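Architecture and fold: a report
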Amino acid sequence: MELSFPEGFLWGAAGSAHQIEGNNVASDLWAMENRPGSVMPERSGDACDSYHRWGEDLDIVRGLGLTAYRFSIEWARVEPAEGQVSLAALAHYRRMIEGCLERGLTPVVTLHHFTSPLWFQLAGGWSSAEAVARFRRYVRAVLPILDGVEWVCTVNEPNMLAMVAAIMKRGERGEHGEHGESVAGALPPPDQEMADALAAAHRAAREELGAAGLRSGWTVANQNFEADPGAEAERDAWAWPREDQFLDVAAADDFIGVQAYTRVRIGRRGALPVPDGARRTLMGWEFYPAALGDAVRYTAARLPGVPILVTENGIATADDAERVEYTRGALAGLHGAIADGIDVRGYLHWSLLDNYEWGSYRPTFGLVAVDRETFARTVKPSARWLGAIARTGVLSAGAVHEELSPA
Ligand code: BGC
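Residues numbered from 1 in each chain as written. Predicted model: local features only at pLDDT ≥ 70, side-chain atom pairs only at ≥ 80, totals over all residues. Heavy atoms only, no water.

Enumeration according to the criterion identifies 30 salt bridges in this entry. Between Glu322 and Arg279 there is a salt bridge, with the nearest N and O atoms lying 3.1 Å from each other. With Glu322 in helix H12 (residues 320-339) and Arg279 in the loop between strand S10 (270-271) and helix H11 (291-302), this residue pair connects regions lying 43 residues apart in the sequence. A relative accessible area of 13% places Glu322 in the buried class. Assessed through its relative accessible area of 36%, Arg279 is described here as partly exposed. Ionic contacts of the salt-bridge type, sharing partners, join the residues Glu79, Glu82, Arg134 and Arg137 into one network. (Salt bridge = Lys/Arg side-chain N within 4 Å of Asp/Glu carboxyl O. Helix = DSSP H or I, 4+ residues; strand = E, 2+ residues; numbered from the N terminus. Buried < 20%, exposed > 50% of the residue type's maximum accessible area, 1.4 Å probe, protein only.)

See below:
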């Protein structure tokens with residue numbers, strides 16, 4: 001059986017600055033990783049050295065036959081000290097955008113992917129009354145280099161950011177999670193002050209981008225909250241603060257970025273653990289390829305008329321054949337959603353490289369392996385498999401081992 005994707009559908013891979021560039025020294029995360037007694041098992045350090053090797057990365061993307069590349073601009077590099085804009089950093093990111101365009105790749109550019117400048121954090125972060133104005137000023141600084149970019153993501157996973165902020169605030173107060181919140185993928189409700197600030201920052205960014213004729217949206221972590229029988233009301237109450245309110249912000253946006261990896265089941269008393277014996281990924285999440293199709297359908301129902309771009313989907317696994325198996329299932333689900341009339345413009349796999357997974361290099365999401373000492377890139381069979389789909393626009397239902405054997 002063959003599943004054909006629409007003409008002009010974007011096929012790509014994604015990454016984010018802090019996770020791949022290396023030495024993001026002016027950022028808040030760098031400070032957190034490097035402070036004495038840091039709880040993070042590993043530091044980002046040189047990461048994949050993509051700040052210097054981005055050309056090689058883009059050559060790999062093009063060589064595979066993919067047509068899009070998602071990356072982020074690092075605010076801490078553009079504005080390492082408050083009000084001090086680095087023209088060299090802007091020129092660097094402009095070269096990357098042009099590097100994409102020259103190779104025929106569609107750049108998908110994220111303006112904020114989890115990290116902020118340390119000065120911003122020290123000045124109150126998103127809780128400061130100045131936060132939105134500061135973000136707007138950064139977006140204005142970046143505007144001149146975005147010429148030719150058709151997809152601008154303002155903030156990556158604001159819901160995840162605000163949920164992590166809630167955990168950190170609790171930690172500072174010495175409190176522990178409530179029932180059901182300690183299970184993989186299930187997080188406490190977001191810090192609402194931060195959720196509101198991020199929504200305001202998103203709107204401010206969209207005003208600036210729109211005035212410059214640029215199309216923009218944000219990307220939401222879709223967690224596929226599924227009600228256990230009889231727990232429908234609890235599911236809705238769980239999903240609203242963690243996901244739905246962030247989707248609703250995008251009701252009039254140019255697009256919505258869907259990011260999905262797994263599902264979280266909700267019972268009468270909150271999130272349920274992944275069942276014993278269920279297959280799990282290196283993140284501890286349930287292996288659940290249907291997550292993508294489900295997330296796309298959910299998003300489309302909540303945001304009728306807003307085009308969807310899959311800005312992230314993938315799996316942390318040491319077994320590359322499992323990556324193909326997962327992605328095949330995800331793409332089959334995505335195809336079903338498109339066949340039902342949902343307007344999906346492209347699929348960006350997370351991630352291009354085995355990169356820094358926010359504290360550790362162990363969960364390998366990459367289509368491409370990176371030697372931790374030489375930074376040499378090694379393309380995995382899954383990357384070639386995805387590239388073949390991109391070239392033909394067709395997902396065939398052949399056996400995984402046949403597709404992975406060398407041509
Ligand atoms: C983030 C990525 C992260 C990925 C896998 C998303 O939450 O945007 O930065 O690496 O999921 O955890």
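Now that the structure has been shown, we can carry on.
Moving on: helix H13 (residues 381-392). Compared with the 16 Å implied by 1.5 Å per residue over 12 residues, the 17 Å span of H13 between its first and last C-alpha is a close match. Among all positions of H13, only Ser382, Ala383, Trp385, Leu386, Gly387, Ile389 and Ala390 are buried. Of the residues one or two after H13, Gly393 is the one with positive phi, at around 75 degrees. (Expected span 1.5 Å × (residues − 1).)

It is worth spelling out the site of the ligand at this point. Close to the ligand lie 14 residues; Gln19, His113, Glu157, Glu312 and Glu357 are nearest. Between the ligand and Glu357, the relevant distance is 2.6 Å, taken from an oxygen atom to a side-chain nitrogen or oxygen of the residue. Contact with the protein chains removes 95% of the 310 Å² of surface that the ligand exposes when unbound. Across the shell around the ligand, the residue classes tally to 7 nonpolar, 4 polar and 3 charged. (Near = heavy atom within 4 Å. Polar contact = N/O pair within 3.5 Å; in protein donor to acceptor, adjacent residues only side chain to side chain. Areas by Shrake-Rupley, 256 points an atom, 1.4 Å probe, with all protein chains shown as cover. Nonpolar A, V, L, I, M, F, W, Y, C, P; charged D, E, K, R; others polar.)

The positions UniProt marks with the feature "active site" (unreviewed entry) are Glu312. In this fold, Glu312 is placed in strand S11 (residues 308-312). Residue classification places Glu312 among the buried residues on the basis of a relative accessible area of 4%. (UniProt positions renumbered as here; feature names shortened; annotations may be inferred.)

The next subject is the side chain of Ser116. Summarising the element assignment, Ser116 is placed in the loop between strand S4 (106-112) and helix H6 (118-122). Beyond its immediate stretch of four places on either side in the chain, Ser116 contacts Ala26, Ser27, Asp28, Trp75, Ala76 and Trp126. (Contact = heavy atoms within 4.5 Å.)

Glancing now at the nonpolar core. Membership of the largest hydrophobic core comes to 107 residues, with the highest contact counts inside it found for Leu146 and Leu334. Top contributing element to this core by residue count: helix H9 (residues 192-211), with 8 residues. Those residues in contact with Leu146 that sit more than four places away from it in its chain are Ile73, Arg94, Ile97, Val109, Leu111, Val152, Leu209 and Leu214. In terms of nonpolar packing, the next biggest core, distinct from the first, is built from 8 residues, Val108, Cys153, Leu309 and Leu348 among them. (Core = buried A, V, L, I, M, F, W, Y, C linked by side-chain atoms within 4.5 Å.)

Inspection of every chain in the model, using the stated rule, returns 3 cavities of 30 Å³ or more. Approximately 70 Å³ is the volume found for the largest cavity. Ser16, Ala17, Ile20, Glu21, Ser50, Trp54, Asp57, Tyr69, Phe71, Ser72 and Met96 are the residues that line the largest cavity. The set of elements that each furnish at least two residues to the lining of the largest cavity consists of helix H1 (17-20), helix H3 (50-64) and strand S3 (68-72). (1 Å grid on protein atoms, 1.4 Å probe; cavity = no way out; pocket = protein on both sides within 12 Å on 5 of 7 lines; lining within 4 Å. Points joined across faces, edges and corners; volume = space filled by probe spheres on them.)

Read across the sheet, 3 strands follow the order S7-S9-S10 without closing on themselves; strand pairing throughout is mixed. Strands with a single pairing partner mark the edges of an open sheet, and in this sheet they are strand S7 (225-227) and S10. Here strand S9 (residues 264-267) pairs with S10 via 2 bridges, running antiparallel. In the strand pairing of S10, Gly267 is matched with Gly270. Across the sheet, helix H10 (residues 232-248) touches S7, S9 and S10, and the angle it forms with S7 is around 165 degrees. (Pairing = 2+ DSSP bridges. Axes fitted to C-alpha atoms, helices over the stretch in contact; angles between N-to-C directions.)

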